[in-house]
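Spelled out, the chains give:
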Amino acid sequence: RCSRRGNESSWGRALEGGAKRMATAEAVQALQASFPELNLVARPLVTYRDGRESDQLCVRVPAERMLDVLRFLYRDSRTKFEQLCDLTCVDYLNYPGAEDRFGVVYALLSLTHNHRLWVKVFVNDPHPELPSVTSIWRGAEWPEREVYDMFGIRFSGHPDLRRTLMPQNFED
């Protein structure tokens, strides 16, 4: 899981993987070099019940630096994540050992370099809010609206943050 817990050895395993994982590891290295103060660690996106870890990597980013990091991942020639494949949220309310309430997940794809990376950003009650990424990926408009509608997370700077599924008069 891409969470606060986990071990540093995941990074070493990323470097031992195949070409696609290596490309992702190189993107993470570029990210770490550009934001050394954040101490970013790449972790497996999933750890299976039998202890195996997925080849896909996730990086946890502090909410206050999220927009800077995502802009870098989009613009930098070493990373070039042109596509936001998915933007979703996980509610950790009853998750054992969780320190944060919500994890907003950005699934990124680089068509140029043929690699993927997941970025997870945590926010908490009573007023969870993140900056909108619609200035980076226009396609984020509807997924942000859905996360707002289903989880109550507001996206500041969103061009049209209104409900898509719940009634307009539904209270957060």
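Counting of residues starts from 1 at the beginning of each chain's written sequence and follows it residue by residue. Only residues with pLDDT of 70 or above have their local features reported here, since the model is predicted, and side-chain atom pairs are shown and tallied only from 80 upward, although totals for entire chains, interfaces and linings are computed over all residues. Processing note: side-chain calculations cover all non-hydrogen atoms of the structure and skip hydrogens and water entirely.

### So, the sheet that holds strand E5 (residues 115-123)
Part 1 of the reasoning: The pairing criterion for strands is at least two bridges between them, as found by DSSP. The secondary structure listing takes helices from DSSP runs of H or I that are at least 4 residues long and strands from runs of E that are at least 2 residues long, numbered from the N terminus. Taken together, the five strands give an open sheet; going across it, the order is E1-E2-E5-E4-E3, and neighbouring strands pair in mixed fashion. Every other strand in the sheet has two partners, leaving strand E1 (42-44) and strand E3 (83-91) as the edge strands with one partner each. Strand-to-strand twist of the sheet, defined as the mean angle between neighbouring strand axes without regard to direction, takes the value 30°.
Part 2 of the reasoning: Relative to E5, strand E2 (residues 57-60) runs parallel, the two being bridged by three bridges. Residue pairing across strands places Arg60 opposite Lys120, the latter belonging to E5.
Part 3 of the reasoning: Whether two residues are in contact is decided by their heavy atoms: any pair within 4.5 Å suffices. Angles shown run from 0 to 180 degrees and are taken between the N-to-C directions of axes, each axis being a line fitted to C-alpha atoms and, for helices, limited to the stretch in contact. Lying on the sheet, helix H4 (residues 141-151) is in contact with E3 and strand E4 (102-110); it crosses E3 at an angle near 5°.

### Topic: the nonpolar core
Nonpolar side chains in soluble globular proteins tend to be buried together.
Part 1 of the reasoning: In terms of nonpolar packing, the biggest core is built from 37 residues, with Leu70, Leu73, Tyr106 and Val133 touching the most fellow members.
Part 2 of the reasoning: Listed by contribution, the elements that provide at least two residues to this core are helix H2 (19-34), E2, helix H3 (66-75), E3, E4 and E5.
Part 3 of the reasoning: At six residues, the largest contribution of residues to this core is made by H3.
Part 4 of the reasoning: Setting aside chain neighbours within four positions, we find Val133 in contact with Met66, Leu67, Leu70, Leu84, Leu87, Tyr106, Ala140 and Glu144. Buried Ala, Val, Leu, Ile, Met, Phe, Trp, Tyr and Cys residues that are joined via side-chain atoms within 4.5 Å together make up what is termed a nonpolar core. Summary of the burial criterion: residues with accessible area below 20% of their type's maximum are buried, those above 50% are exposed, and those between are partly exposed, where the area comes from a 1.4 Å probe applied to protein chains only.

### Some words on the environment of Phe155
Part 1 of the reasoning: Looking at the element boundaries, Phe155 is found in strand E7 (residues 154-156).
Part 2 of the reasoning: The class of Phe155 is buried, set by a relative accessible area of 2%.
Part 3 of the reasoning: In this structure, the C-alpha to C-alpha distance between Phe155 and Glu141, residues 14 residues apart in sequence, is 9.7 Å.
Part 4 of the reasoning: Each residue touching Phe155, except ones within four places of it in the same chain, is listed here: Leu87, Tyr106, Leu130, Pro131, Ser132, Glu144, Val147, Tyr148 and Leu161.

### What to know about the pattern of salt bridges
Part 1 of the reasoning: Salt bridges, as used here, are contacts in which a Lys or Arg side-chain nitrogen is within 4 Å of a carboxyl oxygen on Asp or Glu. Under the criterion given, the structure shown has 10 salt bridges.
Part 2 of the reasoning: We note a salt bridge from Asp160 to Arg162, for which the minimum N-O separation is 2.9 Å.
Part 3 of the reasoning: Assessed through its relative accessible area of 25%, Asp160 is described here as partly exposed.
Part 4 of the reasoning: Connected through shared salt-bridge partners, Glu37, Arg65 and Asp68 make up one network.

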